[in-house]
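Notes for the structure review
Chain by chain, the residues:
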Amino acid sequence: MRMRKQWDSWMVIGIAIFVLTLLFLIVPLGTLFISAFKDPSTGTFSLTNFARFFSKPYYYNSMLNSIKVTVTVTVLCVVIGVPMAYLMTTCKIRGKTFLQLMIIISMMSPSFIGAYSWILLLGRNGFITNLVRDLFGFEMGTIYGFGGIVLAFTMKLYPYIYMYVSGALSKLDSSLTEAAENLGCSPVKKVFSVVIPLIFPTVMAGVLMVFTNAFSDFGTPMMIGEGYRTLPVLVYTEYVGEVGGTANFASAISMIMVIITITLFLVQTRIVDKKSYEMSFLRPLEPQKVSLGKSFLIYVFLYGVTIVSMLPNLTIVVSSFRNSSGPVYKEGWSFNNYINAFEKAGNSILNTYKFALIAILIIMVLGMAIAYISVRKKSVLSRFLDTVVMFPLIISGTIMGIMLLLTFNAKPLMLGGTATILIIAFVIRRIPYTVRSSSAILRQMNPVMEEASISLGYTPMRTFWKVTCPLMLSGVFSGLILSWITIIQELSASVILYTGSTATMSVQVYTEVSRNNYGIASAMASILTVTVVLSVLIFFRLSGKKEISL
Amino acid sequence: MGTEIRIAEVTKKYGDKTIIPNLSLTIRSGEFFTLLGPSGCGKTTLLRMIAGFNTIEAGSIYFDDKSINAIPPYLRNIGMVFQSYAIFPHMSVRKNVEYGLRQRKLDKKTIREWSDSIMETVKITEYADRSPNQLSGGQQQRVALARAIVIRPTVLLMDEPLSNLDAKLRIEMRSAIHDVQKEVGITTVYVTHDQEEALAISDRIAVMNQGEIQQVGTPVELYHRPANTFVATFVGTSTVFDAVFQGNDGDAFVVIDGQLRVKVDHLRSGIADSEALKVSVRPEEFIPVRDPQQTNVLKGVVKSCVFLGKYLNYEVQLTSGRMIEMSQPASGIRDYFKEGEEIALTVDCERINVFDGAGSVNLIREEG
Ligand SMILES: Nc1ncnc2c1ncn2[C@@H]1O[C@H](COP(=O)(O)OP(=O)(O)O)[C@@H](O)[C@H]1O
Ligand SMILES: [Mg+2]
């Protein structure tokens, strides 16, 4: 029938978004793919790049390193995150809200800044290293390399497991665990026989999250790894290296990374598939009082982990006020670092907020539209969009940067070196959070609400503005906050895409650290950290929430 | 003033599944018309076709002889009330009511007047400035009703508007809806699966089953002369018996359950002797027989007895083992049967209904 007319405006929007996705995601992916199979010297298709990767230990060792780091970090995060979540849900803990806030802030803080702070604390000239030497005349081992990377990642990523598992535990019915107790399970056995199987799918989701984060992060291993190369570092150094033709090699390594992540993703979905439990009638677990001796241990554990994970943030802010020269902090306190930072790199501070704001606005508009199309206008196109748009979640920023640069470094779309290409990278990389949260709230919204508006004379488009939009906003914002926080601290894609005039704060911190300008670096890093913390606090205040939904 | 809705040979399919095959129906202007049927029979589907939210695979729907097939839902000027209220939670009650008017280029004063007057009619004036989530279900449904009729729609469509309310509110709201509809005089299509509600509220009812209309008629017609055994059992309670026709000198007899032979006037002609029939009997159409000599009866034992004031409700187990429902007007204290007591029954042959063997055609001729 001729009913079709009313969907026309959404059809146009859908197609426009589809074209954008094609242009900025599918085509770059294709370009990366093609580039990986091109012989750098002859320009013909071949497997040279892959052969090269697997022939030299220098290269394939970095893959083994990546896997070693990632697996270790993931295991540690589970070992720390799951018990924390369990204790926080089932025991009465003083200062729970505070602990939770600290955990969220550690999770949201830039990871490369965490790495940098660990250097300031435990590095060659670190605060704690020096303290131990002065007090005990004892040389601590260095944290550079494997240990440092694992420490920085774990302290930044265990909150993911914590958040996921807390979420799952809060949806567990208390009658389940009570039933187990009545069957004679001891508390420990209860945890293993009842709770773990039930939260297993959630743990796996968190594991995937930690794994992809640790696997694809560039800043942390670059800062603290020194000789210890992981794949993102290798991709970066190969790509920006001076030797000609290495773009193809970098593409090939990127492909290998993408394949590893996708495989893992598929394995995870296979394991978790059909294993999630829905509790319909809910009587949440009640926090229990615990005995004094036990509670002492619990408090040491909970507060200990939280404080250690917050330490980098405190360190960075404190040291930003110390006088410095090069990589050495000196006696006395002042605002000199900030003054230097503003003088030397004020531009990058402005850039950060400017680019992030533009990207966030685009993400908000596109994210809502994509969510609406994929939830309300089901079609082949919308299913495609829904899947493809989520894809960047599992691609390393470094790879994203290379993809974009390979594709848009030639006419007709010469974007290399512009602010535009940075913003595009931000949008593609961080729109999934907003799409996901917007879709979630739309799915909960009864479409009857929109039909009521249409029957009252509003076109579907006006209905979207008058009814759907306002009702979606809370969900949209819970995704936007995540997009925003991750954009302002974006490093891995920016470091590939920036030029002098488009540098952002993260890039600036990174370059200042590598130039041994620790003072400016810590001032900039503090500004970033404080922005993150303030954003989280403002979001909590405005939304009345106490969590960030991942 | 109201609009006539004519549904002409309309078909609805979801994929290969035909939900509504070739349905025709005329809803008269200004009437309160109800689509009644078991859940899943396609009532909502049909209503949403009128509203424009469902496509029409074949046929046409007319408002006063004007086909609306090609008109998008937002131009159909339809008032809709939903089961889940669908009140906009981000607007006050007044904003909700004025929502449709604000789209209609009316001046502020008119908007205010119309919405004030409608809120008066549905009795929500005192909540005008509240937020909807401070209102009870019944109040929310009143807001929904006001919001739907304030735009002076061509027709008013309601899909099970009372089914989320508790029993007491349901009865209160049902008369409120009825009164408001009569006051405003809009053609109304009301969907429900609750036959009691349909009987109480409607001018006419269409009984649907599996996408097909079984019968259209007034509540009284449906109750007393159901078109087939489906309607007989779905609207009110009926016991359906197997029966056999016996002609005798132009007199028509029906033998019910092989035991009770009654003379039925007004039967259609052309029924063959010994033809299998169905007979439906409502609880109040059973008549207890006191005379123990009488053999032309259905015998049974009283299994339960509920005294409801104006009448008594019995469950009787017949000798065949079948349970039937029977009621008796409260008359005098000595006339009641007790549990366990044996009982002999005949039926009111003026009121019972006789159907063909398939139960699909009512064979009673209405005189006049
Ligand atoms: N969107 C749809 N897709 C497929 N089948 C549907 C859809 N909507 C309704 N149906 C089917 O159509 C039939 C009638 O549904 P509906 O009109 O909602 O029944 P009612 O309102 O009478 O309870 C049901 O069998 C239902 O499963
Ligand atoms: Mg229905």
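Every value quoted in this text rests on a predicted model; they were computed, and no experiment measured them.

**Considerations on the overall build of chain B**
Secondary structure summary: chain B contains eight helices and 20 strands in total. In terms of overall dimensions, chain B has a C-alpha envelope of 80 × 50 × 40 Å along the principal axes. Out of the 368 residues in chain B, the part that is buried amounts to 52%. The long-range share in chain B, meaning contacts at least 24 apart out of those at least 6 apart in sequence, stands at 66%. Of the charged side chains in chain B, 42 are positive and 47 negative, and the gap between their average positions amounts to 8 Å.

**A short note on unusual backbone geometry**
All names here are of chain B. Its identity as a non-glycine residue notwithstanding, N77 has a phi of 55°, on the positive side. Located in the positive-phi region is K123, a residue other than glycine, with phi close to 60°. For K123, the position within the fold is in the loop between α3 (108-121) and α4 (137-149).

**Section: a positive patch on the surface**
The grouping of R462(A), K466(A), K95(B), R102(B) and K105(B) at the surface amounts to a positive patch. Of all elements in the fold, only α19 (460-488) of chain A together with α2 (93-102) of chain B reach the threshold of two or more residues within the positive patch. With respect to the helices, strands and loops of the structure, K105(B) is situated in the loop between α2 and α3.

**Some details on the packing of helix α2 (residues 48-55) of chain A against helix α3 (residues 57-90) of chain A**
Residue and element names in this part refer to chain A. One way to put it is that α2 packs onto α3 with a least axis distance of 5 Å and a crossing angle of 80°. The orientation of α2 with respect to α3, classified from their angle, is roughly perpendicular. For the pair α2 and α3, contact is made by R52, F53, F54 and S55 and by P57, Y59, Y60 and M63, respectively. Counted by class, the contact of α2 with α3 contains six nonpolar, one polar and one charged residues.

**Digging into the domain arrangement of chain B**
Residues and elements named next belong to chain B. Once the domains are mapped, chain B shows domain 1 (5-232) and domain 2 (233-356). Here the C-alpha centroids of domain 1 and domain 2 sit 39 Å apart. Listed as interface residues are 18 residues of domain 1 and, on the opposing side, 16 residues of domain 2. Buried area between domain 1 and domain 2, both sides added, is near 1,300 Å², and the carbon and sulfur share of it is 56%. Three residues, Y223, T229 and A232, lead the burial of domain 1 against domain 2; their summed loss comes to 42% of the area buried on that side. Between domain 1 and domain 2 we count zero salt bridges in total. Across the contact surface, domain 1 and domain 2 share 15 residue pairs in polar contact (both at pLDDT 80 or more). Looking at the side of domain 1 that touches domain 2, the elements with two or more residues in it are α6 (195-201), α7 (219-224) and α8 (229-234).

**A short note on the confidence of the model for chain A**
This prediction gives chain A a mean pLDDT of 87; 93% of its residues lie at or above 70. Throughout residues 1-6 of chain A the model reports pLDDT below 50, and contacts reaching past four residues in sequence, or to other chains, amount to eleven contacts.

**Focus: the packing of α2(B) against α3(B)**
All names here are of chain B. Two elements in contact, α2 and α3, have axes whose closest approach is 10 Å; the angle formed by their N-to-C orientations is 125°. It follows that α2 is oblique to α3 by the angle criterion. Crossing handedness for the pair α2 and α3: right-handed. Residues V93, R94, V97, E98, L101 and R102 of α2 form the contact with α3, whose own contacting residues are I111, R112, W114, S115, D116, I118 and M119.

**A short note on the sheet that holds strand β4 (residues 58-63) of chain B**
Residue and element names in this part refer to chain B. Pairing is antiparallel across the open sheet formed by four strands, whose spatial order is β2-β1-β4-β5. Two strands lie at the open edges of the sheet, namely β2 (17-27) and β5 (66-67), each paired on one side alone. When strand β1 (residues 5-14) meets β2, the two strands line up antiparallel, connected through seven bridges. Bridging across to β2, I7 finds its partner in L25. Docked against the sheet, helix α1 (residues 43-51) engages β1, β2 and β4, running at close to 115° with respect to β1.

**Thoughts on α2(B)**
When you tally the buried positions in α2(B), you get eight out of ten residues, the bulk of the element. All of the buried residues in α2(B) are V93(B), R94(B), N96(B), V97(B), E98(B), Y99(B), G100(B) and L101(B). Contact partners of the buried residues in α2(B): α18 (448-455) and α19 of chain A together with α3 and α4 of chain B.

Conventions used here
- Residues numbered from 1 in each chain as written.
- Chains lettered and ligands numbered in written order.
- Predicted model: local features only at pLDDT ≥ 70, side-chain atom pairs only at ≥ 80, totals over all residues.
- Heavy atoms only, no water.
- Helix = DSSP H or I, 4+ residues; strand = E, 2+ residues; numbered from the N terminus.
- Buried < 20%, exposed > 50% of the residue type's maximum accessible area, 1.4 Å probe, protein only.
- Contact = heavy atoms within 4.5 Å.
- Lys, Arg positive; Asp, Glu negative; His and termini not counted.
- Charge placed at Lys NZ, Arg CZ, Asp CG, Glu CD.
- Patch = residues over 30% accessible without salt bridge, like charges linked within 9 Å, V, L, I, M, F, W, Y side chains within 5 Å.
- Areas by Shrake-Rupley, 256 points an atom, 1.4 Å probe, with all protein chains shown as cover.
- Salt bridge = Lys/Arg side-chain N within 4 Å of Asp/Glu carboxyl O.
- Axes fitted to C-alpha atoms, helices over the stretch in contact; angles between N-to-C directions.
- Parallel < 35°, antiparallel > 145°, perpendicular 65-115°, else oblique.
- Nonpolar A, V, L, I, M, F, W, Y, C, P; charged D, E, K, R; others polar.
- Domains from an automatic or database assignment.
- Buried area = accessible area lost by both parts, 1.4 Å probe.
- Polar contact = N/O pair within 3.5 Å; in protein donor to acceptor, adjacent residues only side chain to side chain.
- pLDDT = per-residue confidence, 0-100.
- Left-handed = near helix turned anticlockwise from the far one by under 90°.
- Pairing = 2+ DSSP bridges.

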